[in-house]
Amino acid sequence: MPERNFRIRVELVCTCKTEQPVGGMLCFIHHEEEEQRRNLGPSLLQTVCTGSYLDVQKTACRFHQLVKACWLVLPHSRRWRLTMLPCDRSCKFKMARAEEEIIIEIMLGVQQGDSDIFMSSQASEALFTPSTTWTLSCAVAEAKFFERRARRAPDGSFHLRCLQLCARVLVGTCFSEYALKTVVMHLLNTTPLSGWHRTHFLLRLDDIMRYLRHCLEEKRLDHFFFGNEKIPEVVLPPALQRAEPFNLFQHLAQDPDAQAQAMREFTDMQDRLTRMLIAPSRGWDRASA
């Protein structure tokens, strides 16, 4: 996933004329600061922002507080123990009862308009991520794309199995699962859904490997959403639709040695996939399950 980092500016908006919930809500602009302090304590802006920008760590802390406060009134609290776990950029907690234990981590996100693109609280790849930095996330858009395609696909569709099987042969190579998922999304968007029936399984696997090889040779794999206006299932911000396609293989274009290494690993990957398909007990049977 190409990294795009943003800061989210928060501005006060008058709520005097909006429909108020029972009990009313103070307007941050038109009520005196002292009245806000007397009724609400620190303002919400002070609680979740640093300066004028939404703060990931403060927002996560506030979310922690809300989960902890709400837990006691939930029916689950009579059967489960809740322990809040330390985490700077998400809400992480443990639920336990008897010998059973569940760890849950909730990533925070701010929706970009009415689109399926979000600004995520997930840390960037940099060594240090400022607390006011939010990272662009297409995770919701990707899940929606696969879910809508699966809904429209005929019974016996095998596109997810193709993805899972190919992901197994990626282990130990320089290829990311995101690059593979991007290849499959491109093919899903151009190949009729009837072509993903299990009877065409080997043909689609071959398509995936051919597509990936072509991208390696050209040193270019376009991100699926950047500059793509032909995805009816997903709502993208206009700026993202009009953006220049982002090359996920830009590093290969800049480093001939890295491309040569990738081509060698691709050949090994093809051999491994072939062996998996020839040995049904380890490959085909599991993929068909």
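Treat the numbers as computed from the prediction; the structure is a model and nothing was measured.

### Considerations on the overall build of the chain
The helix and strand tally for the chain stands at 11 helices and nine strands. The buried share of the chain, taken over its 289 residues, is 37%. Of the contacts made within the chain by residues no fewer than 6 positions apart, 60% connect residues no fewer than 24 positions apart. A total accessible area of about 17400 Å² is found for the chain, and carbon and sulfur atoms account for 53% of it.

### What about the sheet that holds strand β1 (residues 5-6)?
With antiparallel pairing, four strands are arranged side by side in an open sheet as β1-β9-β8-β7. Each of the sheet's edge strands pairs with one partner strand only, and the pair in question is β1 and β7 (109-111). As defined by bridge partners, β1 adjoins strand β9 (residues 134-137) across two bridges and the pair is classed as antiparallel. Looking at the pairing, N5 lines up with T135 of β9.

### Quick word on the sheet that holds strand β5 (residues 90-97)
The strand order β4-β5-β6 describes an open sheet built from three strands, whose pairing is antiparallel. Because the sheet does not close on itself, it has two edges, and the strands there are β4 (81-85) and β6 (100-107). Strand after strand, the sheet turns through a mean of 20 degrees between neighbouring axes, direction not considered. Relative to β6, β5 runs antiparallel, the two sharing eight bridges. Residue pairing for β6: C91 is matched across the bridge by I106.

### Notes on the packing of helix α7 (residues 201-218) against helix α10 (residues 256-278)
At their nearest, the axes of α7 and α10 sit 10 Å apart, and the two run at 170 degrees to each other. What the angle tells us is that α7 and α10 run roughly antiparallel. Here α7 contributes F201, L202, L205, M209, L212, R213, L216 and E217 to the contact with α10, which in turn contributes Q259, A262, M263, F266, M269, Q270, L273 and L277. When the residues that make up the contact of α7 with α10 are grouped by side-chain class, the tally is 12 nonpolar, two polar and two charged.

### Description of helix α5 (residues 159-170)
Here α5 spans 17 Å end to end across 12 residues, near enough to the 16 Å set by a 1.5 Å rise per residue. Taken together, the buried positions of α5 are occupied by H159, C162, L163, L165, C166, A167, V169 and L170.

### Observations concerning the packing of aromatic side chains
All chains considered together, the criterion is met by five aromatic pairs. Both rings, one in F158 and one in F201, keep their centres 4.8 Å apart while their planes meet at 90 degrees; by these two values the pair is edge-to-face. Of this pair, F158 sits in the loop between α4 (139-152) and α5 while F201 sits in helix α7, and the two are 43 residues apart along the sequence. The exposure class assigned to F201 is buried, which follows from its relative accessible area of 1%. Taken together through their ring pairs, the aromatic side chains of F145, F146, F224 and F225 make up a single cluster.

### Focus on the confidence of the model for the chain
A low pLDDT score tells you not to read the predicted coordinates there in detail. Here the chain shows a mean pLDDT of 85. Residues at 70 or above account for 85%. Segment residues 281-289 is flagged for pLDDT under 50; beyond a separation of four residues in sequence, or across chains, it makes 18 contacts in the model.

### With respect to the pattern of salt bridges
Applying the stated rule across the entire model yields 13 salt bridges. Between R148 and E147 there is a salt bridge, with its nearest N and O atoms 3.5 Å apart. With relative accessibility at 35%, the residue E147 sits in the partly exposed group. Of the charged contacts, one joins E233 and R152 as a salt bridge, the two residues approaching to 2.7 Å between their closest N and O atoms. Placement of E233 in the loop between α7 and α8 (238-242) and of R152 in helix α4 is noted, with a sequence separation of 81 residues between them. Judged by relative accessible area, which is 6%, E233 ranks as buried. The exposed category is assigned to R152, whose relative accessible area is 52%.

Cut-off values and rules
- Residues numbered from 1 in each chain as written.
- Predicted model: local features only at pLDDT ≥ 70, side-chain atom pairs only at ≥ 80, totals over all residues.
- Heavy atoms only, no water.
- Helix = DSSP H or I, 4+ residues; strand = E, 2+ residues; numbered from the N terminus.
- Buried < 20%, exposed > 50% of the residue type's maximum accessible area, 1.4 Å probe, protein only.
- Contact = heavy atoms within 4.5 Å.
- Areas by Shrake-Rupley, 256 points an atom, 1.4 Å probe, with all protein chains shown as cover.
- Pairing = 2+ DSSP bridges.
- Axes fitted to C-alpha atoms, helices over the stretch in contact; angles between N-to-C directions.
- Parallel < 35°, antiparallel > 145°, perpendicular 65-115°, else oblique.
- Nonpolar A, V, L, I, M, F, W, Y, C, P; charged D, E, K, R; others polar.
- Expected span 1.5 Å × (residues − 1).
- Phe/Tyr/Trp six-rings, centres within 6.5 Å; stacked < 30°, edge-to-face > 60°.
- pLDDT = per-residue confidence, 0-100.
- Salt bridge = Lys/Arg side-chain N within 4 Å of Asp/Glu carboxyl O.

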